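# Geometric and topological summary
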Amino acid sequence: MSKSALIPALDSAKRRVRTSGVERALQILDWLQRQQHPATSYEVAKGVGAPLSTIYAVVDDLVAKNLLERQENGAVWLGARLYHYGLTYARNLNLLNVASEEMLALSALCGETVQICGRDDDKMVVLAMAEGRDHFQVSSRVGTRIPLNWSASGRLLAGHLPPPARLALFQRSAQASPTGSAETDAAVLSASAAEALANRLSVQVGESDFSVACIASPICDGAGVCHATMSIVVPANKVAQTELDLANRVRRSAEQVEIRLGWRQPVWAAG
């Protein structure tokens, strides 16, 4: 075999080894989870049907990375790092559940279409939606993904990023919208995103759809990271209405989600 032909074969072998290592680690974690109690490396090797020398090496690596913890008798059990992953996963599940409850309450209160939106890399995605009483038609249904610069929520979802990262995000993701009204200048978008997050309010009119407006407020954790938004979608002529004060309504709804998740102190506890 020539040297040029040998290199791809070696690279392929390395990939198989890396994949095998990941699969072996998952086998160990899955087996321990099923057993529901600590076990020695010998017991793990026997349980997953792998060579003891291989299991020793993988277990040592997992212990070093805090994915497993070794007890005084030498047995291993699930490590604290897995617990933190689980907390993050559970918190995100709670976020959507709690936000959806507040979304339904806000929609019932103001009679308008309300959405929960999140960020998927360079896009904004609609995570949940409650339709208003007049069934005002919007094109962004659940699962819709649009460029961040087309929506009020998109700006908020990028607002917490450090300035260089925020600028780079808009430089690679900003696109012209169907209406031609969406801002595409990355520097302008970066500045407006930071300002919107600081004000806890972002409003856009006619940027993604003609005669459609969006009034959004961020749902942020204790560190100020915007994980999602609460957004009211209305006909453009309702943006300035004062009878229901939609801007303050959506702000309060987003704040209530943060309070329920423990990310914000209620007013009565702040003093």
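Provided above is the structure to which this section pertains.
Cut-offs used in this document
Residues numbered from 1 in each chain as written. Predicted model: local features only at pLDDT ≥ 70, side-chain atom pairs only at ≥ 80, totals over all residues. Heavy atoms only, no water. Helix = DSSP H or I, 4+ residues; strand = E, 2+ residues; numbered from the N terminus. Buried < 20%, exposed > 50% of the residue type's maximum accessible area, 1.4 Å probe, protein only. Contact = heavy atoms within 4.5 Å. Salt bridge = Lys/Arg side-chain N within 4 Å of Asp/Glu carboxyl O. Core = buried A, V, L, I, M, F, W, Y, C linked by side-chain atoms within 4.5 Å. Patch = residues over 30% accessible without salt bridge, like charges linked within 9 Å, V, L, I, M, F, W, Y side chains within 5 Å. Areas by Shrake-Rupley, 256 points an atom, 1.4 Å probe, with all protein chains shown as cover. Pairing = 2+ DSSP bridges. Axes fitted to C-alpha atoms, helices over the stretch in contact; angles between N-to-C directions. Arc of directions from axis to C-beta. Parallel < 35°, antiparallel > 145°, perpendicular 65-115°, else oblique. Left-handed = near helix turned anticlockwise from the far one by under 90°. Nonpolar A, V, L, I, M, F, W, Y, C, P; charged D, E, K, R; others polar.

For the protein chain, the count of helices and strands is nine helices and eight strands. In the protein chain, buried positions account for 42% of the 271 residues. Intrachain contacts of the protein chain at a sequence separation of at least 6 include 55% that bridge at least 24 residues.

Attention now goes to the pattern of salt bridges. Under the definition given, this model contains 10 salt bridges. Across the pair Arg 260 and Glu 101 runs a salt bridge, and its minimum N-O distance is 2.5 Å. Here Glu 101 lies in helix H4 (residues 80–110) and Arg 260 lies in helix H8 (residues 246–260), a separation of 159 residues in the sequence. When the shortest N-O distance is used, the salt bridge between Glu 131 and Arg 141 registers 2.5 Å. On the criterion of sequence distance, the pair formed by Glu 131 in the loop between strand S4 (123–130) and strand S5 (145–147) and Arg 141 in the loop between S4 and S5 is long-range, its members being 10 residues apart. It is possible to trace a salt-bridge network through shared partners that takes in Arg 200, Glu 255, Glu 258 and Arg 264.

Before going further, it helps to examine the nonpolar core. Considering soluble globular proteins, one finds that nonpolar side chains tend to be buried as a cluster. If you look at the biggest cluster of nonpolar residues, it comprises 24 residues, and the most contacted ones within it are Ile 219, Met 230, Ile 232 and Val 257. Of all the secondary-structure elements, those providing two or more residues to this core are H4, strand S3 (113–120), S4, strand S7 (212–220), strand S8 (226–235) and H8. Broken down by element, the residue count for this core peaks at six residues, all from H4. Core analysis: the second largest hydrophobic core is formed by 23 residues, Met 124, Ala 152, Ala 182 and Cys 220 among them.

Taken together, the side chains of Tyr 42, Leu 52 and Tyr 56 make up a nonpolar region of the molecular surface, amounting to roughly 320 Å² of accessible area. Accessibility expressed as a relative area gives 43% for Tyr 56, which makes it partly exposed.

Here we take up the sheet that holds S5. Across the sheet, which stays open at both edges, the six strands sit in the order S5-S4-S3-S8-S7-S6 with antiparallel pairing between neighbours. Looking at strand neighbours, the two that pair on one side only are S5 and strand S6 (202–205), the edges of this open sheet. Across the sheet, the axes of successive neighbouring strands diverge by a mean angle of 30°, strand direction being ignored. Summarising the sheet, S7 and S8 pair through nine bridges and their orientation is antiparallel. Of the residues in S8, the one forming a bridge with Ser 217 is Met 230.

Right, let's get into the environment of Pro 235. Locating Pro 235 in the fold gives a position in strand S8. Sequence-wise, Pro 235 and Val 205 are 30 residues apart; in three dimensions their C-alpha atoms are separated by 8.9 Å.

Because an α-helix completes one turn every 3.6 residues, residues spaced three or four positions apart along the sequence face the same direction. Taken residue by residue, helix H6 (residues 163–173) has Arg 166, Leu 169, Phe 170 and Ser 173 as its buried positions. Around the axis of H6, the buried residues are gathered within 90° of arc, so they sit on the same side. In H6, the exposed residues that point more than 90 degrees away from the buried face are Pro 164 and Gln 171. Considering only its buried residues, H6 is in contact with S3, S5, helix H5 (152–158) and helix H7 (186–199).

Axis separation between H4 and H8 bottoms out at 9 Å; the angle between their running directions is 150°. The angle between the axes of H4 and H8 places the two elements in the roughly antiparallel class. Remark: the crossing between H4 and H8 carries right-handed chirality. The residues of H8 that touch H4, namely those facing Leu 95, Val 98, Ala 99, Glu 101, Glu 102, Leu 106, Leu 109 and Cys 110, are Leu 246, Arg 249, Val 250, Ser 253, Gln 256, Val 257 and Arg 260. Across the contact of H4 with H8, the residue classes tally to nine nonpolar, two polar and four charged.

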